[in-house]
Amino acid sequence: MVRLTDGDDDESAADSDSILESQLNRRNYLKLGAMAASTALSAGVASAASGPEERFGIQWDRVVNAVDDLGMDPNGNEPIDDQLDSAYESGTLIEFPPGEYLATETQYWNDDVSRFGMVGTGSSHKDVQFVFPSGNNGEKYRFLEITSGDHHVLKNFSIQQTDDDTTTADIWMINDDGGLIEDVEWLGRTPTDNNARRQLLAYDCSSVDGVNVARRVYMREGAELPGYPDGVAGIRVQGGSVGEIRLVDCHIEQRGSSSFRATHTRGVLRVEGGLFKNNDNTNMRISAGDHPEKTSWIKGATVIMDADNLNEHAHDGDSLDSPEGLRIDSTGNGYAGVLIEDCDFIFKSCPTSRGIVSSPTWAGHGGFTLRNCRIQNDTSVQTIHADSVDTDTADKPWGVNLENVSITGSTRSQPAGAAVCIDNDRNGSTVQNSCIHFPNGDVDGVLVNDATNCEIVDSNINVSGQATVFSGADVDTSNITSGDSCPLPSADGSTGGDSSTTDDSTDSTDDSTTEPLPNEIRLVGTGTTTQYEFTVTDSLQASGDTIEEWDDIESGTATGWITTDGVEDAYTFSGDIDSFSFLEGESEIYVNGEQVSESTVTGATTDDSTDSNTDGSTDSTDDSTTDSTDLSHELRLVGTGTQTQYEFTVSDALEASGDTIETWDTIDGTSASGWITTAGVEDTFNFAGSVTSFGFVEGEAEIYVDGEQVTESTVTDAVTDSGTDGSTDSGTDGSTDSTDDTTDSQNELRLVGTGAETQYEVTVSGTLEASGDTIEQWDDVSESSATGWVTTEGVEDVYAFTGTITSLSFLEGEAEVYVNGTRVDPAVFSLPNTLVVEGDGTETTYDFMVSGDILNDPLVGPTESDDSLTNGKAKGSVTDGIDAFRFSGDITKMNLAGDAALTFEDNDG
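As the structure is a computational prediction, the values presented were derived from the model and not from experiment.

Caption draft 1: Geometry of the packing of aromatic side chains. The tally for this structure, following the rule as stated, stands at 26 aromatic pairs. Judged by centre distance (5.0 Å) and plane angle (85 degrees), the rings of Phe130 and Phe157 are edge-to-face. Taken together, the residues span a long stretch of sequence, with Phe130 in strand 9 (residues 128-131) and Phe157 in strand 11 (residues 150-160) at a distance of 27 residues. With respect to burial, Phe130 and Phe157 carry one shared label: buried. On the numbers, 6.3 Å between centres and 75 degrees between planes, the contact of Tyr760 with Tyr799 is edge-to-face.

Rendered as structure tokens:
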């Protein structure tokens, strides 16, 4: 078993071949029955413990109560060390009732134990707290040191460091696979590394095929801030980690050093969501890793730097030294390829710093990609700096890729002179579909020094200096504009308007133009740290300026924090409150001015929002959407023996079915994501409504909806509930009822029979309805899709629709297809990507090539006779009109001469 060093920067992992040979498949572990333990608990404990049962997707041989069965003191007076150590064996889950548990000795566990858990039973993770001797007698105290085994669960408790500058406790856990640390918080103030180790949590995966998860780990109550290298980091993935560590929805704030760091690891770190705020040194520090199949990434995270406004846990004199936003860093190992996607970086105030996004020369990292990210820089810190790369040691590619990146803010200067600095030998770097808006001072857009084969294309660079500056560099540019503003970031990770109001102080609010919605909900703090989450059935928006950067509004769901007594978060909404819960703590709740409880808030607006007739009866025009809690549909994912990750969303309601869902599978409202590996093993869900999106992130599995096998491309059409019984409403003669034909549809689709027995299937992005009486009783039409038959030559099925045709296929036979009167090749609708060239009055010529197929987009209009489409190539010109195409694969060549606007969407990666 790999045993890591105690944490020098030159740490490395031992040979892991022997580990890999001994691994069992992760799913096989979960499906094992109760195993005979190699050692036994004392006779008294064994007789008191419950028998085998499953929790968190793991089969436990025994579940014991820390107080009743093991005799631990829940009042924090007597140490629990001996009882805890004696209970450590395979198949044991220890439940800790609310209380304080005193730990005075480190638990050194290296016994290859499988399936061991420590779980608090309180309603909040703060109900169970592990406490430690004050000052720890000058020692760097380690609570748990677990250096072997698999499927260890640490859940729903806190580690109390107190608010002094000497008491601390850290955890080091290595698992081969299946490790889970969830809803765990470090409370109190973290000392410097004179009284603590380098991090609060060291978390490693010792099997290449293993996956260990840390979900909702909180470190937000402050630390001493001595400056690098004397501060203590949050989470570190070390050199001996060779598998995958995943951080999900963690909140790490005001650490003395990096919130998380994974620079030596040969494995990967994958970060999903989370808030990382005001951490010294770096808020995020990561490398691509050296895994044989995987690469590290960060997706959906938010970084906030506001050094002038530390949180309420700061002490007098606390100040940040040199905080960065994100450092791409392999500490000389030469890794390449990390992805940063859908992230927001907000720098409001900051002392000296290397940059918001940087990769220093000494970091030894190759290329990296920023995709769909937003950066707001109101400071003088460098925005993006990819420093020169050592081509002798760094893996290829060396280039930096900015794809759909928005950079805004009120900065007046940049250390490199430009917002984006790409330095020596970053060959192959690209900036595409991006936007830079720095209107103040004297700031250039993109600087490239001594790099070859670079591109800046299809981007808006609206800056006070020059758009581009090249020194000894080979850079192709095309379609660079300079007149637009850019999307602003928001603390919830969504696009927050644009930067058109940016001057010396960025104004990202737009409340003056937002009309309040008819209902209001207010959450009023009671002095306890409280996290809430609720969903409404219609629209939701913040009320006034009560919402802070750590509160999140996405569609009809809000998640936020409220702490101070009397301070409130307020929202206006339409519809009803569909669900509400306190994830931690509690607050007062007011709906439309009336105080309600957590259990009654969902019914607070039902009577007011239900339309009724003058006779008091309920208007039934919306009956088709009433019963969203009738989870009558089933979705099953059955493993085929490949490691598979899936994600999907349904329209109404979703829940797990039975005990098929494991700890690494998640359900968030109406969305789910998870893993399935072993052939024949399944994940099953019940849902209401329809499947609105589905995709395999990795691998594949069999898909069954209501017992019928479907494919990845057809699963969204498997349930099309139009009436309460799920079938299409029809008239008494069996024909489709066309009384709703008043919809103003902009497009027409006609499918004309050729004499062959033909079944078709079509889906649109907007609405779809039958046109006239062309649809027979065997044709099935829902709101946005239809399946039907057309057989007789010349006979046609006709539909009116809005939006675009997202798919059209013939399940059997073939027919002629006409869109808006023009015959088209139906193959065009299987092409996922779009490209549009829109003229501005002067002639623009274009010439581009794709790696797949390309066809004219019939919904925009046919190309002219002088335009050509052959073998993946498109060539033509526009003046006042629009030429539009659908294609598959990637754009491999693009030339555009003129002022036309070029836009494209790459939907297949």
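Caption draft 2: Structural context of the environment of Arg636. Note on placement: Arg636 falls in strand 50 (residues 633-639). Apart from the residues within four sequence positions on either side, Arg636 is in contact with Glu682, Asp683, Thr684, Glu702, Ile703 and Tyr704. Of note is the side chain of Arg636, whose polar atom sits 3.1 Å from the side chain of Glu682.

Caption draft 3: A look at the pairing of strand 66 (residues 815-819). Across the five residues of strand 66, four count as buried, placing the element largely inside the fold. As defined by bridge partners, strand 59 (residues 747-753) adjoins strand 66 across five bridges and the pair is classed as antiparallel. Bridge pairing in strand 66 links Leu749 to Val819. Hairpin connection, strand 66 to strand 67 (residues 822-824): the antiparallel pair is bridged by two residues, and Asn820 has positive phi, about 50 degrees.

Caption draft 4: Fine view of the environment of Trp186. Relative to the helices and strands, Trp186 is located in strand 13 (residues 180-187). When neighbours within four sequence positions are excluded, Trp186 is seen to be in contact with Ile159, Gln161, Ala169, Asp170, Ile171, Leu200, Leu201, Val217, Tyr218 and Met219. There is a polar contact of 2.8 Å between the side chain of Trp186 and the backbone oxygen of Ala169.

Caption draft 5: Looking closely at the nonpolar core. Ranked by size, the top nonpolar core spans 99 residues in total, and within it Met118 and Phe143 carry the most contacts. The next biggest cluster of nonpolar side chains, apart from the first, holds 22 residues, and it includes Leu749, Ile805, Val817 and Leu859.

Caption draft 6: Seen up close, unusual backbone geometry. Cis peptide bonds are those with omega within 30 degrees of zero, and the linkage from Tyr228 to Pro229 qualifies with 10 degrees. The omega torsion across Lys396 and Pro397 is 0 degrees, close enough to zero to call that bond cis. Within the fold, Pro397 resides in the loop between strand 31 (384-386) and strand 32 (400-403). A positive phi is found at Arg216, a non-glycine position, where the angle reads about 55 degrees. The topology assignment puts Arg216 in strand 15 (residues 211-219).

Caption draft 7: Inspection of the sheet that holds strand 61 (residues 768-770) at higher detail. A sheet is described by the order of its strands in space; here five strands give the open sequence 61-64-59-66-67, paired in antiparallel fashion. Both outer strands of the open sheet, strand 61 and strand 67, are each paired with one neighbouring strand and no more. The mean angle between the axes of side-by-side strands here comes to 30 degrees, regardless of whether they run parallel or antiparallel. Summarising the sheet, strand 66 and strand 67 pair through three bridges and their orientation is antiparallel. By the bridge assignment for strand 67, Tyr818 is matched with Arg823.

What counts, and at which threshold
Residues numbered from 1 in each chain as written. Predicted model: local features only at pLDDT ≥ 70, side-chain atom pairs only at ≥ 80, totals over all residues. Heavy atoms only, no water. Phe/Tyr/Trp six-rings, centres within 6.5 Å; stacked < 30°, edge-to-face > 60°. Helix = DSSP H or I, 4+ residues; strand = E, 2+ residues; numbered from the N terminus. Buried < 20%, exposed > 50% of the residue type's maximum accessible area, 1.4 Å probe, protein only. Contact = heavy atoms within 4.5 Å. Polar contact = N/O pair within 3.5 Å; in protein donor to acceptor, adjacent residues only side chain to side chain. Pairing = 2+ DSSP bridges. Core = buried A, V, L, I, M, F, W, Y, C linked by side-chain atoms within 4.5 Å. Axes fitted to C-alpha atoms, helices over the stretch in contact; angles between N-to-C directions.

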